[in-house]
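Each chain, letter by letter, is given below.
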Amino acid sequence: MRLTNVSFVSLLVFGLCGLLSLSWLRGGAGDVSQPEFLILRERLRSAEEENLRRSKELNLVLDEIKKAVAERQALRDLNRTWASLSEDTRLRLWDTSSKNVLQLPSIFHHLPHLMNQVDSLQPAVHLGLRRSGVSIVMGVPSVKRKVHSYLTDTLMSLMSQLSIAEKDDCIILVLIAEVDQHYTNAVAEQLKRLFPAEIASGLLEVVSPSVHFYPDFSGLKESFGDSKERVRWRTKQNLDFCFLMMFAQSRGTFYVQLEDDIVARPNYLSTMKNFALQQPTDDWMILEFSQLGFIGKMFKSADLSLVVHFVLMFFREKPVDWLLDHLMWVKVCNPEKDAKHCDRQKSNLRIRFKPSLFQHVGTHSSLAGKLQRLQDKDFGRRTLRAGHSNPPAELTTSLKTYQHFTLDKAYLGQDFFWAFTPEAGDFIRIRFFTPVRVQRFFFRSGNTEHPRDTLSNTSVEVLPFDNVPSDKESLTDASDRVQFKRTEDGFYRVGWFQNGIAEAALDPAFGPLEALRLTIVADSPVWVVLSEIFIKKAD
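Residues numbered from 1 in each chain as written. Predicted model: local features only at pLDDT ≥ 70, side-chain atom pairs only at ≥ 80, totals over all residues. Heavy atoms only, no water.

With respect to the pattern of salt bridges
Enumeration according to the criterion identifies 16 salt bridges in this entry. Here Glu288 ties to Arg350 by a salt bridge, and the two come within 2.8 Å at their closest N and O atoms. Of the two residues, Glu288 is situated in strand S7 (residues 286-288) and Arg350 in strand S9 (residues 350-352); the sequence distance between them amounts to 62 residues. When the shortest N-O distance is used, the salt bridge between Glu514 and Arg431 registers 2.6 Å. You can see Glu514 sitting in strand S20 (residues 513-520) and its partner Arg431 sitting in strand S13 (residues 427-436), a full 83 residues away along the chain. A single network of salt bridges, built from pairs that share partners, joins Glu461, Asp489, Arg493 and Arg517. (Salt bridge = Lys/Arg side-chain N within 4 Å of Asp/Glu carboxyl O. Helix = DSSP H or I, 4+ residues; strand = E, 2+ residues; numbered from the N terminus.)

Structure, rendered in C-alpha cells:
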C-alpha cells in the first residue's frame, strides 16, 4: 500500500511538471494566468513534500524488514554455534555474558541441558486464555497411568464446587507432565472436548512441557533405599512441581499445589482464601489444607521463586516434601537448640487448617505398580448432598429409583436422589402447590463418591402459570436477544446441564411458574445422582 501511494504521488508531480512545461512551450508564461500559475506551483510543492514523506516511510519499513531478516539469520547462526559448543563452554559463556562481574545462578545452572534447545522452556501444548490477576492458581500435575486416570473426575470435583464468582477468581492449571506428544495432544483434546466453556473463560488451562525440558535420568543414584525407578519418579516429580510454579507465579496472589486424584469439599476455594487473608501476620510459608503428601499446600506467589530455586538445587537428592522441610529448617531453626524448639519455630511457617478440604481417592499411583490407599482422616465423611429450603411441590419422575435414595429426600435436602441409567424421554418434574416466582435455579448431579453419575444431554424447562399465551412457540427475554423454545406440552427450555451442573437466573418475563422439569434427551450409559436441588424464590 505504501508503494502504491508513493507511485501515485510521483505521477502527480510528473504530471504537474509536464503541464507547466507544456504551458511554456505553447507561448510562455503569458498564456497561463498568474493565479493559475501560483496554484500549480503550490500543488507541485505539496506533491513533492508528500513524495518525500512517503519515501521516508517506505525506507523505514524497508529498514525494519532488513533488520528482522538479519536478526533471524543471526539467531539461526547463534543456535548453530551454541549447539556446537560443549556444555562446560556454554556455562562459562553464560556466566560471563553480562557486563556485571557478579552473576546470579539461574535455572540453566541447575538444568544446563536446557541450553541445548531454544524452546526447552516453551510449553509444547497450551490451551486457555492465560489470564492473570486472580486470587488463587491451582496446579494439577498429571501423568500417564497404566491402570486408570483420575484426572477428569478430579477436575469435575474441583469445578463443581465453585460458585460463579469463584470461577472468575481462580485458575485451574493442568500440567500434562509427559513428553509423548501423541499422548499429550490426546489428553488436551479430551479436556478441550469435555470442558470447552471452562477453557474459553480462562478457568481451566492445559499445558505440557517441551520435549527438551527433562534431563537424562539414566545417571541418577539410588538413595534412601529407593529403587532406581522410584528415584527417577520422585526426581521428575520435583521438576513437574517446579514447572507448574514457574508457570503460575505471575498469575495470582496464592498458589495451591494439588494432585490429579482427589476430591474437594464444597466452598473449598473461599475457605482457603479467607484462611490465608485472616492470618495475623504475613510470615507463614505454607498453609496446609490436607495432611497428605503435597496435596492442598498453599504458597504466596511471591515466595515461589525461593521454593523453586531451593528445589532445583536438590531435585535429584530428595522428594519435594522433605526439601520443603529442609528449607523451613534453614529459615528458622537454630542449630544450638533442640528438635522441639525447631518444630515450634517451623509451626509458625507451616500452618494446618482443619478439617481437610481435599481427599486422596486414587488407588493406583503414578509410579507403575505402586498401590496406595492413602486416606486423609481429617477429611471426615464426604459431603454427598447439599440441602436447601425449596418451595413446596409435588415431585414425579419416570426414572427408576435405587433403594431409599428418593427424589423427595433430595428435594428436602435430606439425602441425594439416585436412579438407574436414564433413557431419552425420562424426566424429573417439580409441580409447585401454588405458582412461584423463581429468581434462579441450581441443580448438581454426581457426588464425591460417584463423580461419574452425572446428568448429561438434559434440559431444564419451566411452565409459566398464566402470563404467556399457550400458542407462542418461543419467548424472548428482557433484552430481546434470546428466545426460549416452547415444547409441545407448553414448557419453555431455559437451560442445559454442563459438566453435571445446570444453573441460571430466570428471566422475570416468565412470571409465576406452575412447574419446572428436567428432561433427558439422550440415553446415558451411567446411573444418575442428583445431589443438590436449589430453587430460589424471587423477593
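Details of the state of the cysteines
Per the counting criterion, the structure on display carries 1 disulfide. At a sulfur-sulfur separation of 1.8 Å, the disulfide partner of Cys333 is Cys342. Where Cys333 bonds to Cys342 through sulfur, the torsion about that S-S bond is close to 70°, and the disulfide is right-handed. Given a relative accessible area of 10%, Cys333 falls into the buried group. Accessibility expressed as a relative area gives 8% for Cys342, which makes it buried. (Disulfide = S-S within 2.5 Å. Buried < 20%, exposed > 50% of the residue type's maximum accessible area, 1.4 Å probe, protein only.)

Here's the deal with the confidence of the model for the protein
On average, residues of the protein score 83 in pLDDT, and 80% of them reach the 70 mark or higher. For the protein, per-element mean pLDDT is lowest for helix H1 (residues 2-27), which scores 51, and highest for strand S3 (residues 170-176), which scores 97. In the model, residues 24-30 has pLDDT below 50 throughout and makes 4 contacts with residues more than four positions away in sequence or in other chains. Low pLDDT (under 50) marks residues 477-481, which in the prediction has 5 contacts with non-local residues, meaning those over four places away or in another chain. (pLDDT = per-residue confidence, 0-100. Contact = heavy atoms within 4.5 Å.)

Quick notes on the packing of aromatic side chains
Overall, the coordinates contain 26 aromatic pairs when judged by the stated rule. Ring geometry for Tyr402 versus Phe420: centroids 5.9 Å apart, planes at 90°, classification edge-to-face. Within this pair, whereas Tyr402 is found in the loop between strand S11 (393-397) and helix H14 (407-412), its partner Phe420 is found in the loop between strand S12 (417-419) and S13, the two being separated by 18 residues in sequence. Classification of Phe420 by relative accessible area gives partly exposed; the value is 26%. Through pairs of rings, three or more aromatic residues link up here, namely Tyr402, Phe405, Phe416, Trp418, Phe420 and Trp527. Between Lys400 and the ring centre of Phe420, over which it is positioned, the NZ or CZ distance is 5.3 Å. Cation over ring: Arg517 sits above Phe491, and NZ or CZ is 3.8 Å from the ring centre. (Phe/Tyr/Trp six-rings, centres within 6.5 Å; stacked < 30°, edge-to-face > 60°. Lys NZ or Arg CZ within 6 Å of the ring centre and 35° of its normal.)

Focus: unusual backbone geometry
Cis geometry marks the peptide bond from Lys354 to Pro355; its omega dihedral reads 0°. With respect to the element layout, Pro355 can be found in the loop between S9 and strand S10 (358-360). With a phi close to 50°, Asn457 is a non-glycine residue in the positive phi region. Position of Asn457 among the secondary structure elements: in the loop between strand S14 (438-445) and strand S15 (458-464).

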